[in-house]
Amino acid sequence: MLNREYVSNWQHIQEYLLTNLFGYIPTNFVGGRLRKLFYRGIFRNLGKSVYIDSYVRILNASCIEIGNKVQLLRNVNLDARWHSNNRIYLGDLVSLEQGVDIRALNNTSVEIHEGTFIGPYVCITGSGNIKIGKNCLIAAQTGLFANNHIFSDPTENINSQGVTREGIVIEDDCWLGSGVKVLDGVTIGEGSIIGAGAVVTKDIPPFSVAVGVPAKVVRSRKEYICEDGSRLPILLSTSLARVEKAAKLSYQDLQNSDRTVKYDLLFNNVLQVLLTSICQIMNADSVTVLLPAEKEQQLFVCASIGLEEEIREGIQIPFGCGFAGKIATSAKRVIVDDLSTIEVFSPILRNKGIRSIIGVPLQLKEQVCGVLHVGNFCYHQFSNDNIQQLQLIADHIGLAIEPLLQSTKLKFN
């Protein structure tokens, strides 16, 4: 016990002497190099190519770990106090701007992971644990406070009633604007953005945008708000934008030439990307787009994931027949929980083992020009939200390809 206390006291003395001797020497060429050389023995870990500016204050360096290429600018304060279980961890490429104050108090861990930037005069403190993920941006004057004072007894002084300490977690790739305050017990989900001046008192779901006092989620970063006010997952909206762009370029090409162009050659690549996005978002096993063939009372499979055999075998569905044909005739959305209970025209649909399926009409104005359907191999109860989302996608596809479908130079099949 005495030996441990002696070693601890010697470490503190060594730290005090080194930081006071070398901590105020200016310039990186002289002061920075001397600090990297002599500070290495007092930190728990000090990585390669670390830059420590002058006037950086360090307390209990034996509990501080610093990764490679970390930058600590002027007046940064790293305070792990004199508790052996305190821990401050700065991952590779972390940057702490001027005046950042980090305090691990009373058996506390503060972790800042790879690639995160902490702006000027940010305060990160508390007797509760704090974890900041990778590649985060924390703007100037932000505060993270991982404790709350207990004040339930009005007859006692607040400072004598103790504190709660649930901790704070900020997941990867978050951006906190200038002056944000994050209170104890909060988790901010991955990819979220918190507007300047917000006070975060409750958990924020991943990929959210939150503003205000207290902070409220105003939208999801995974959603794209269309011109008509409808919302699409960002992955789908990006794919639809590619379809619209390809359709526009193909229509211009048709207008400027006398060639007859096949639709499936024009759109195979961009539609396949879109269908892949639909599969991922809806957790589906098959997605298929059917359009009218030259014989207008039939549908052909324009693009598919999961039912590619229908394209290779040139399957055509008569209007009014089977699952897709009836949707094209009625212009109604259809949900089928069990495909074995209905008539289908294409044998491939059954042979591939599709069990549950939903389909929507693909329309141009009042005219049905095709069908979009999604299927699963396992029994799956599709919701009304699923079919509304699929209809929204089909509507956007219809708008994108309308000029091509109306072109007299375009051949189907």
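Refer to the structure printed above.
Summarised in this report is the structure supplied together with it. No experiment lies behind these values; they were computed from the predicted model shown.

Re the side chain of Ser192
At step 1: Counting through the fold element by element, Ser192 comes out in the loop between β21 (187–188) and β22 (193–194).
At step 2: Looking at Ser192, its side chain comes within polar contact range of the main-chain nitrogen of Ser208, at 3.2 Å.

A few points about the pairing of strand β30 (residues 298–305)
At step 1: A large share of β30 lies buried, amounting to seven of its eight residues.
At step 2: Two elements, strand β29 (residues 286–292) and β30, share six bridges in a ladder whose sense is antiparallel. Across the sheet, residue Val289 finds its bridge partner in β30, namely Ala303.
At step 3: When β30 meets strand β31 (residues 316–318), the two strands line up antiparallel, connected through three bridges. From the neighbouring strand, Phe300 faces β31, where its bridge partner is Gln316.

What to know about helix α6 (residues 322–330)
For an α-helix the count is 3.6 residues per turn, leaving residues at separations of three or four pointing the same way.
At step 1: Among the residues making up α6, those that are buried are Gly322, Phe323, Ala324, Gly325, Ile327 and Ala328.
At step 2: Downstream of α6 by one or two residues, Ala331 has phi in the positive range, about 60 degrees.

With respect to the nonpolar core
At step 1: Residues Leu90 and Leu96 are the most contacted members of the largest nonpolar core, which totals 49 residues.
At step 2: For this core, the elements supplying multiple residues, two or more each, are β4 (64–66), β7 (87–90), β9 (101–104), β10 (109–112), β13 (130–132) and β18 (168–170).
At step 3: Other than its neighbours up to four places away in sequence, Leu96 contacts Gln71, Leu72, Leu73, Val76, Leu78, Leu90, Ile102, Ile112 and Ile118.
At step 4: Ranked by size, the runner-up nonpolar core spans 27 residues in total, among them Met282, Ala284, Val289 and Ile397.

Calculation criteria
- Numbering of residues begins from 1 in every chain and follows the order in which that chain's sequence is written.
- Reporting of local features is limited, given that this is a predicted model, to residues whose pLDDT is at least 70; pairs of side-chain atoms are given and counted only at 80 or more, and all residues count toward the totals for whole chains, interfaces and linings.
- As a rule here, side-chain values come from all non-hydrogen atoms in the structure, and water together with hydrogens is ignored.
- A run of DSSP states H or I qualifies as a helix once it reaches four residues; a run of E qualifies as a strand once it reaches two. Both are numbered from the N-terminal end.
- For the purposes of these results, a polar contact is taken to be a pair of N or O atoms within 3.5 Å, where, inside protein, one atom must be able to donate a hydrogen and its partner to accept one; residues adjacent in sequence count only when each atom of the pair is a side-chain atom.
- Accessibility here uses a 1.4 Å probe with only protein chains present; expressed as a share of the type maximum, an area under 20% marks a residue as buried, one over 50% as exposed, and anything in between as partly exposed.
- In this analysis, strands are considered paired if DSSP registers two or more bridges between them.
- The criterion is simple. A nonpolar core is a set of buried Ala, Val, Leu, Ile, Met, Phe, Trp, Tyr and Cys residues joined through side-chain atoms within 4.5 Å.
- Should any heavy atoms of two residues lie within 4.5 Å, those residues are considered in contact.

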